[in-house]
Amino acid sequence: MRYGVDLQMIQRRIYEIRGQRVMLDRDLAELYQVTTSNLNKAVKRNIKRFPSDFMFQLTANEWESLRFQIGILETGRGKHTKYLPYAFTEQGLAMLSGILNSDTAIQVNINIMRAFVAVRQLIANPPIDKVSLLQREVKELKEYMEEVFADQNDINEDTRIQIELINQTLAELQVQNKEREKKPRPRIGFIRYDEEVRRMNQLEIIQSKIYEIRGQRVMLDFDLAELYGIETKYLKRSVKNNIRRFPPDFMFELTKEEWDSLRCNFCTLKTGRGQHPKYLPYAFTELGVSMLSSVLHSEVAVEINISIMRAFVAVRQLIANPPIDKVSLLQREVKELKEYMEEVFADQNDINEDTRIQIELINQTLAELQIQNKEREKKPRPRIRFIRYDEDSTEK
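A. Layout of the overall build of the protein chain. When you go through the protein chain residue by residue, the secondary structure sums to 17 helices and eight strands. Counting over 396 residues, the protein chain shows a buried share of 33%. Looking at the protein chain alone, contacts between residues at least 24 apart form 77% of all its contacts between residues at least 6 apart. Accessible surface for the protein chain amounts to roughly 27900 Å². Of this, 53% is attributable to carbon and sulfur atoms.

What follows is the structure, given as structure tokens:
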């Protein structure tokens, strides 16, 4: 197999299991040109590098379901694996680069990481069927207009007042919410063990050192060196000794403009001797940080690399699912509803002047009739009765 493994071939071997994108040990062994048993032996010798969110063994049901999907349902001697396969997540695959050091393994690992990035981008930005999109928008617009015409006459002054009260209440709720956020909240629930607290604090520290440069999330060499507990020059030296593992989409050197802009962002603008690094720093993308696990082998480096990979995953999840401000969302919806209602009222008031005058004349006539009616009621009305015959004769 040549080094330049086809990305599409790798993407076809990425499966969805337990809500995660993974690759199986048998497929990886084929790509790395080793036997599956030798791959698994190498992993077990370095098992501390592979926690449960980096690698797990499939259950019998998961394996049967996957075999059905990928069409390897033949049975009989030699037709299926003796043991249930292991699945490696994206972070586990990155960690494999630290235990497989052949030229083939290095190139294959770079291509696998790129394949996972391509899959993520495809999921985040699926191809758009513009015709279907336009048809759906037209359908929604028609339904909306039908609702507008149906509800146009169902709006009164009480509804307007109610919406104003809702706006006022939501504004008060938002103020109360901001004041509540300022107050320290008591911890509720079970207290974490010290190890769990330490891990959470470590993730927060790592996330604060992830920056956005050239449209990518990266970490800088001096921050990584600090986390690994080594000097920056030793980190750079280890990278340069293994430079073939770090193509430009894994690592790049910042320009002077990028570095000055970044220093301005995190307030390190002090000048003078010893106040800034002698050389421009290097930035490591998520892929490059993952590849560092193959050149730094200390206990601290392994633990830090696991935490860094988890931090990048947490940042991706936060960007993909940002927290929702429900109060602001309600306020925006009410504002849009209010603007729509004002448009409806404006349309209703577009009656021509002649019609307005006619309505005023009708109102004036009704008022005059009401006055005349009251005056008529005040006057004594003549008695209405039958005249007797005798009275009629006498009068004659």
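The discussion continues.
B. Just unusual backbone geometry, in detail. Within the chain, Q33 stands out as a residue other than glycine whose phi angle is a positive 65°. Tracing the backbone through its elements, the reader meets Q33 in the loop between helix 2 (25-32) and helix 3 (36-45). On the accessibility criterion, Q33 (43% relative accessible area) is partly exposed. Residues other than glycine seldom take positive phi values, yet R214 does so here, at roughly 55°. Within the element layout of this structure, R214 appears in the loop between strand 5 (211-213) and strand 6 (216-220).

C. Just a nonpolar patch on the surface, in detail. The grouping of I362, L366 and L369 at the surface amounts to a nonpolar patch, some 300 Å² of accessible area in total. You can see L369 is positioned in helix 16 (residues 353-378).

D. View of helix 3. L39, N40, A42 and V43 are the residues of helix 3 that are buried. For helix 3, the arc enclosing every buried residue in end-on projection is 155°, short of the 170-degree limit, so these residues lie on one face. Along helix 3, the residues that are exposed and aim more than 90 degrees away from the buried face are K44 and R45. Those residues of helix 3 hidden inside the fold are in contact with helix 2, strand 3 (55-57), strand 4 (86-89) and helix 5 (90-96).

E. Just the nonpolar core, in detail. Formed by 61 residues in total, the largest nonpolar core has its most connected members in L96, I112 and I308. The dominant element in this core, judged by the number of residues it contributes, is helix 6 (residues 103-124), at 10 residues. Residues within four places of L96 in sequence aside, it is in contact with L28, Y32, L39, V43, F50, F88 and N109.

F. Examining the packing of aromatic side chains more closely. Taken as a whole, this structure holds three aromatic pairs when the rule is applied. Here the aromatic rings of F50 and F88 are separated by 6.1 Å at their centres, their planes lie at 85°, and the arrangement is edge-to-face. Linking F50 in the loop between helix 3 and strand 3 with F88 in strand 4, this pair joins segments that are 38 residues apart in sequence. Pairing F222 with W259 gives two aromatic rings, centres 5.9 Å apart and planes at 70°, and the pair type is edge-to-face. Highlighted residues: F222 in helix 10 (residues 221-228) and W259 in helix 12 (residues 256-265), separated in sequence by 37 residues.

G. Highlighting the packing of helix 10 against helix 11 (residues 232-241). The interhelical angle for the contact between helix 10 and helix 11, taken along N-to-C directions, is 105°, at an axis separation of 8 Å. Compared by their axis directions, helix 10 and helix 11 come out roughly perpendicular. Of helix 11, the residues touching helix 10 (which contributes D221, F222, L224, A225 and Y228) are T232, L235 and K236. Taken together, the residues of the contact of helix 10 with helix 11 sort by class into five nonpolar, one polar and two charged.

So, how was this worked out
- Residues numbered from 1 in each chain as written.
- Predicted model: local features only at pLDDT ≥ 70, side-chain atom pairs only at ≥ 80, totals over all residues.
- Heavy atoms only, no water.
- Helix = DSSP H or I, 4+ residues; strand = E, 2+ residues; numbered from the N terminus.
- Buried < 20%, exposed > 50% of the residue type's maximum accessible area, 1.4 Å probe, protein only.
- Contact = heavy atoms within 4.5 Å.
- Areas by Shrake-Rupley, 256 points an atom, 1.4 Å probe, with all protein chains shown as cover.
- Patch = residues over 30% accessible without salt bridge, like charges linked within 9 Å, V, L, I, M, F, W, Y side chains within 5 Å.
- Salt bridge = Lys/Arg side-chain N within 4 Å of Asp/Glu carboxyl O.
- Arc of directions from axis to C-beta.
- Core = buried A, V, L, I, M, F, W, Y, C linked by side-chain atoms within 4.5 Å.
- Phe/Tyr/Trp six-rings, centres within 6.5 Å; stacked < 30°, edge-to-face > 60°.
- Axes fitted to C-alpha atoms, helices over the stretch in contact; angles between N-to-C directions.
- Parallel < 35°, antiparallel > 145°, perpendicular 65-115°, else oblique.
- Nonpolar A, V, L, I, M, F, W, Y, C, P; charged D, E, K, R; others polar.

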